[in-house]
Amino acid sequence: MLYSGLCQVLEITDTNNFSCSSYFWKRTFASRELVQNHLPNCFALKNLDYGSEDITIMGDGLAFISTGLKFPGMPSSDATGKIFSLDMTDPRMKPVELRMPRNFDLESFNPHGISVYIDPSDYAIYLFVVNHPQHKSQVELFQYVEDDHSLVHLKTIKHELLRSVNDILAVGVDSFYATNDRYFTNAFLKSWLEPLLSQPWTNVVYYSPEEVKVVSEGYYFANGINISPDKRHIYVADLFDHNVHVLERKEDNTLVSVKAVAVNSLCDNVEVDAESGDLWLGCHPNAWKAIMFDPKDPPGSEVIQIQNIHSDQPVVTRVYEDDGHVIIGSSVAATYGGKLLIGTVFHKALCCDLN
C-alpha cells in the first residue's frame, strides 16, 4: 500500500510503537464495518450527479448547493463546477442551476465550501464560494439575483493565509471566517504526506478588508465551519480528530476554545438549525475507503445530529447511515421543514423525510 511504503521511506513511527500507516489506518476508521440506518421516503435530487459538496439553507427555505468539486485523490468528472438553488417549500424539489456571469472563468470554476450572508440594511443576498482553480485557493464573492436565478460576480479574494481553504463562514458583506484544511500547498505533500504525519497544523482564518489573521489553530484537519443562531459561538469540525470544536467569538473576531464534542466519525461540513440550534453534519464513517476508492467497495455515508451542544451532556445521534450502496461519501447534511438534504463530495444528493 502507498501509505505503508511512505512510512518505510520516512522511517516514521508514533510514540506508541506502532507504524505510522497503522496510526493513519486507525484515524480513518479503516476497519469500521458500515451499517444500514435509512430514513423514509429518500430520493435522489435531479441534476446533481457530480457531487453536492456543500449545502446551506436560508431561513425562508432557499438552499444553495455547490457541485462539481474536483478534489485531489477523489473521483471526479469533466463537468464544470456549478451552483444550484433549491426551494425547499416547493413540493417538486427541483434544483435550478444558477446563471453565472459572462465575465467569470467557468472553465476553471471548482467550488468547495459555500456560505450566505444577508445584508440587514437592504436584504441583499451575498454568496461566498471557496474556489480551487488549478487546485489553488481563493474565495469568490457573488450577489444572488432572485428574479432571474443568477449570480453577479463582485470580486475574487486571495491572501497568503488562505492557502488551503475548505469551508467558509460569511459574517459580513465582505468579511468571513475560513478553515485551512492543510498546512502544505504542494500537491504531493498535502495530499499524501501531511495526512500520514497527522499533525495539528491547520487553522481558522478571519478575513476582512481591514485585517486578515489566524484566529484559531491546532487542528488536524480543519473542515466545516458554522455559527450559532445567536452569533456568539462558532463550530469547527476537525475531520481527523473526530471532534466538533465549540469556540466563543470575541469582539476583535478572535476565537476562544470552549470545548470539543466527540462524534466518533470523520465529519465534514457543519450546518446549524436556525430554530433549535442543533448541528447537522455530513460525515465519512470509513474515510480509508474514500481515500483508496474502489467502486466495488465504495465509501459509505453518515449523518450526525448534535443537540444541546452547549450543555454538559450534548446528545450525539446517528440519524442516517449507509454502506455506500445508496449514497457515497456524504459531506453535508442540512434540514428544513422536516426534510433532510444529504450532499456528497462527488456522488448524488438525497432528500429524505425526518418525520
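None of these values were measured; they are calculated from a predicted model.

A few words on the overall build of the chain. Across its full length, the chain holds four helices and 24 strands. Whereas a compact globule of 355 residues would reach a radius of gyration of roughly 20 Å, the chain reaches 19 Å, a difference of no more than 12%. In terms of its C-alpha atoms, the chain occupies a principal-axis envelope of roughly 60 × 50 × 45 Å. Here the contacts in the chain between residues at least 6 apart in sequence split such that 53% fall between residues at least 24 apart. As presented, the chain carries roughly 15500 Å² of accessible surface, and 48% of it is formed by carbon and sulfur atoms. Taking the average place of the 27 positive charges on the side chains of the chain and the average place of its 46 negative ones, the gap between the two points comes to 3 Å.

Before going further, it helps to spend a moment on the UniProt feature "binding site: Ca(2+) 1" (unreviewed entry) in the chain. Feature annotation in UniProt assigns "binding site: Ca(2+) 1" (unreviewed entry) to the following positions: E53, I114, N166, D167, N223, D268 and N269. The largest pairwise C-alpha distance within this set of annotated residues, which runs over 217 residues, is 12.9 Å, so the set is compact in three dimensions. Assignment of secondary structure puts E53 in the loop between β1 (43–44) and β2 (54–57). Discounting chain neighbours no more than four positions away, the residues touching E53 are S66, L69, H112, G113, D268, N269, S331, V332, T344 and V345. Residue contacts for D167: discarding those within four places in its chain leaves D54, G113, I114, V130, Y177, A178, T179, N223, G224, I225 and N269.

What the four strands build is an open sheet, ordered β18-β19-β20-β21; its pairing is antiparallel. Of all strands in the sheet, those bounded by a partner on one side alone are β18 (266–272) and β21 (315–322). Along the sheet, successive strands turn relative to each other by an average axial angle of 25°, direction set aside. As judged from the five bridges shared by β18 and strand β19 (residues 279–284), these two strands associate in the antiparallel manner. Its bridge partner lying in β19, V270 is registered against L281.

Under the criterion given, the structure shown has twelve aromatic pairs. Taking 5.4 Å as the distance between ring centres and 70° as the angle between the ring planes, the aromatic pair formed by F104 and F142 counts as edge-to-face. Here F104, found in the loop between β5 (96–97) and β6 (111–118), pairs with F142, found in strand β8 (residues 138–145); they are 38 residues apart in sequence, far enough to count as distant. In this structure, F104 and F142 share a single accessibility class: buried. Ring centres of Y183 and W201 lie 5.5 Å apart, and the angle between their planes is 55°; on these two criteria the pair is classed as tilted.

Time to look at the sheet that holds strand β4 (residues 82–87). Picture the strands of a sheet paired through backbone hydrogen bonds; they go either parallel or antiparallel. With antiparallel pairing, the four strands of this open sheet are ordered in space as β2-β3-β4-β5. Strand pairing shows two members of the sheet lacking a second neighbour, β2 and β5, which therefore form its edges. Sheet analysis places β4 next to β5, joined by two bridges and oriented antiparallel. Looking at β5, one finds that F84 is bridged to E97.

Our next topic: the pattern of salt bridges. Note on pairing: side chains with opposite charge can pair once their charged atoms come close. Per the stated rule, a full pass over the model turns up eleven salt bridges. As a salt-bridge pair, R32 and E321 come within 3.7 Å of each other at their nearest N and O atoms. Of the two residues, R32 sits in the loop between α2 (20–27) and β1 while E321 sits in strand β21, which places them 289 residues apart along the sequence. For E321, a relative accessible area of 13% translates into the label buried. For K82, the salt bridge goes to E97, with nearest N and O atoms at 3.6 Å. Here the residue K82 occupies a position in strand β4, and E97 occupies one in strand β5, the gap between them amounting to 15 residues. K82 sits in the partly exposed class, given a relative accessible area of 29%. What makes E97 partly exposed here is its relative accessible area of 42%. One continuous salt-bridge network, built from bridges that share partners, spans R32, E302, R318 and E321.

The next point concerns the UniProt feature "binding site: Ca(2+) 2" (unreviewed entry) in the chain. Residues given the UniProt feature "binding site: Ca(2+) 2" (unreviewed entry) here are D54. By secondary structure assignment, the location of D54 is in strand β2. Residue D54 is classed as buried on the basis of its relative accessible area, which comes to 0%.

For the rest of this paragraph, the subject is a negative patch on the surface. Taken together, D60, D87, E146 and D147 make up a surface patch of like negative charges. The exposed category is assigned to D147, whose relative accessible area is 78%.

The next thing to look at is the state of the cysteines. Going through the model one piece at a time under the given rule, you end up with two disulfides. The disulfide bridge from C42 ends at C352, spanning 2.0 Å between sulfur atoms. Here C42 and C352 share a disulfide; its torsion about the S-S bond, 115°, makes the bridge right-handed. With C42 in the loop between α2 and β1 and C352 in strand β24 (residues 350–353), the pair connects residues that are 310 residues apart, well separated along the chain. Of the residues examined, C352 reaches a relative accessible area of 0% and is grouped as buried. What pairs with C267 in a disulfide is C283, and their sulfur atoms sit 2.2 Å apart. One quick way to see it: the torsion about the S-S bond of C267 and C283 is about 85°, and its sign makes the bridge right-handed.

Rules and cut-offs
- Each chain has its residues counted from 1, running along the sequence as written.
- pLDDT decides what is reported in this predicted model: residues at 70 or higher carry local features, side-chain atom pairs at 80 or more are listed and counted, and totals for whole chains, interfaces and linings draw on all residues regardless.
- Heavy atoms throughout the structure, all of them, feed into the side-chain values; hydrogens and water do not.
- Numbering goes from the N terminus for both helices and strands, where a helix is a DSSP run of H or I of at least four residues and a strand is a run of E of at least two.
- The quantity called the radius of gyration is restricted to C-alpha atoms. Its globule counterpart is 2.2 Å times the number of residues to the power 0.38.
- Only heavy atoms enter the contact rule, under which two residues are in contact if any of them lie within 4.5 Å.
- We get accessible surface area from the Shrake-Rupley algorithm with a probe of 1.4 Å; when it comes to residues, only the shown protein chains can shield them.
- Neither His nor the chain termini are counted; the positive set is Lys and Arg, and the negative set is Asp and Glu.
- Where a charge lies is defined by one atom per residue type: Lys uses NZ, Arg uses CZ, Asp uses CG and Glu uses CD.
- UniProt positions are given in the numbering used here, feature names are shortened, and annotations may be inferred rather than shown by experiment.
- Note on pairing: DSSP must find at least two bridges between two strands before they are called paired.
- The angle between two axes is taken between their N-to-C directions and runs from 0 to 180 degrees, where each axis is a line fitted to C-alpha atoms and a helix contributes only its stretch in contact.
- Stacked, edge-to-face and tilted labels apply to pairs of Phe, Tyr and Trp rings (six-membered ring for Trp) whose centres lie within 6.5 Å, assigned for plane angles under 30 degrees, over 60, and everything in between, in that order.
- The cut-offs for exposure are 20% and 50% of the maximum accessible area for each residue type, with area from a 1.4 Å probe on protein chains only; residues under the lower value are buried, those over the upper are exposed, and the others partly exposed.
- Only one rule defines a salt bridge in this text: a Lys or Arg side-chain nitrogen within 4 Å of an Asp or Glu carboxyl oxygen.
- Patches here are clusters of residues that have more than 30% relative accessible area and form no salt bridge, with a 9 Å joining cutoff for like charges and a 5 Å cutoff for nonpolar side chains (Val, Leu, Ile, Met, Phe, Trp, Tyr).
- Throughout, a disulfide means two cysteine sulfur atoms within 2.5 Å of one another.

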